[in-house]
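# A structural walkthrough
What follows is the residue order along each chain.
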Amino acid sequence: MVTPEIVRKALRAVKDPELGLNIVDIGLIYDVAVSEIGDVHIKMTLTSPGCPSGPEMLEDTRLVAQQVEGVNSAEVELVWEPYWTPERMDPRVRAFLG
């Protein structure tokens, strides 16, 4: 059975090309929902509305989620509320970046 935690773990493979860090640890994934039949809905944001890598990261996120065993379909919703700030990063990553 697919769980949000399994999907989040898989999404660690998706990197922000500008930062070179995964999208989970930098806090871009806001929510992962999985239906009983394996449909996955991901709410994510970008570090800024003008992020040139945005379309690439959104598609990579969808593709990685779709490849998780047991996933029927995957949809990624781009959201801007709450707006991303560095405080959303994993504390270890924030400390590493200074």
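Residues numbered from 1 in each chain as written. Predicted model: local features only at pLDDT ≥ 70, side-chain atom pairs only at ≥ 80, totals over all residues. Heavy atoms only, no water.

### What to know about the overall build of the chain
Stated precisely, the cut-off is as follows: Numbering goes from the N terminus for both helices and strands, where a helix is a DSSP run of H or I of at least four residues and a strand is a run of E of at least two. Note that the radius of gyration is over C-alpha atoms, with the globule rule given as 2.2 Å times the number of residues to the power 0.38. A simple rule labels every residue: compare its accessible area, found with a 1.4 Å probe on the protein chains alone, to the largest value its type can have, and call it buried under 20%, exposed over 50%, or partly exposed in between. Whether two residues are in contact is decided by their heavy atoms, any of which lying within 4.5 Å being enough. Here the Shrake-Rupley method, with its probe set to 1.4 Å, supplies the accessible areas, and only the displayed protein chains count as covering residues.
Helices and strands together make up the secondary structure of the chain, namely three helices and five strands. Ordered by position from N to C terminus, the α and β elements of the chain give α-β-β-β-β-α-β-α. Here the chain has a C-alpha radius of gyration of 13 Å; the compact-globule value for 98 residues is 13 Å, and the two agree. Seen through its principal axes, the chain has C-alpha atoms that stretch 40 × 25 × 20 Å. Here the chain holds 98 residues, and the buried ones make up 39% of them. When contacts within the chain are restricted to residue pairs at least 6 apart in sequence, those whose partners lie at least 24 apart make up 58%. For the chain, the accessible surface area stands at approximately 5700 Å², while carbon and sulfur atoms represent 53% of it.

### Observations regarding the side chain of T61
Positionally, T61 belongs in helix α2 (residues 54–66). Excluding anything up to four places from it in sequence, T61 contacts L11, V14, I23, I29, I42, M44 and V76.

### Topic: the pattern of salt bridges
Test applied: Salt bridges, as used here, are contacts in which a Lys or Arg side-chain nitrogen is within 4 Å of a carboxyl oxygen on Asp or Glu.
Using the criterion set out here, one finds three salt bridges in the structure. A salt bridge links R12 to D25, with the nearest nitrogen and oxygen atoms 2.3 Å apart. Separated by 13 residues along the polypeptide, R12 in the loop between α1 (4–11) and β1 (15–16) and D25 in the loop between β2 (21–22) and β3 (29–34) bring together distant segments of the chain. For D25, a relative accessible area of 14% translates into the label buried. Here E59 and R62 are joined by a salt bridge, their closest N and O atoms 2.8 Å apart. In this pair, E59 and R62 are both assigned in helix α2, three residues apart and thus about one turn of the helix distant.

### Let's talk about the sheet that holds strand β5 (residues 73–78)
The condition is simple: Paired strands are those between which DSSP finds at least two bridges. A fitted line through C-alpha atoms serves as each axis, taken over the contacting stretch for helices, and the angle formed by two N-to-C directions is quoted from 0 to 180°.
Strand order in the open sheet made by the three strands is β3-β4-β5, with mixed pairing throughout. The open sheet is flanked by β3 and β5, the only strands paired with a single partner. Looking at each pair of strands side by side, their axes are set apart by 15 degrees on average, direction ignored. Judged from the six bridges that link them, strand β4 (residues 39–44) and β5 form a sheet pairing that is parallel. Pairing of V40 across the sheet is with A74, part of β5. α1 contacts β3 and β4 of the sheet and is inclined by roughly 135 degrees relative to β3.

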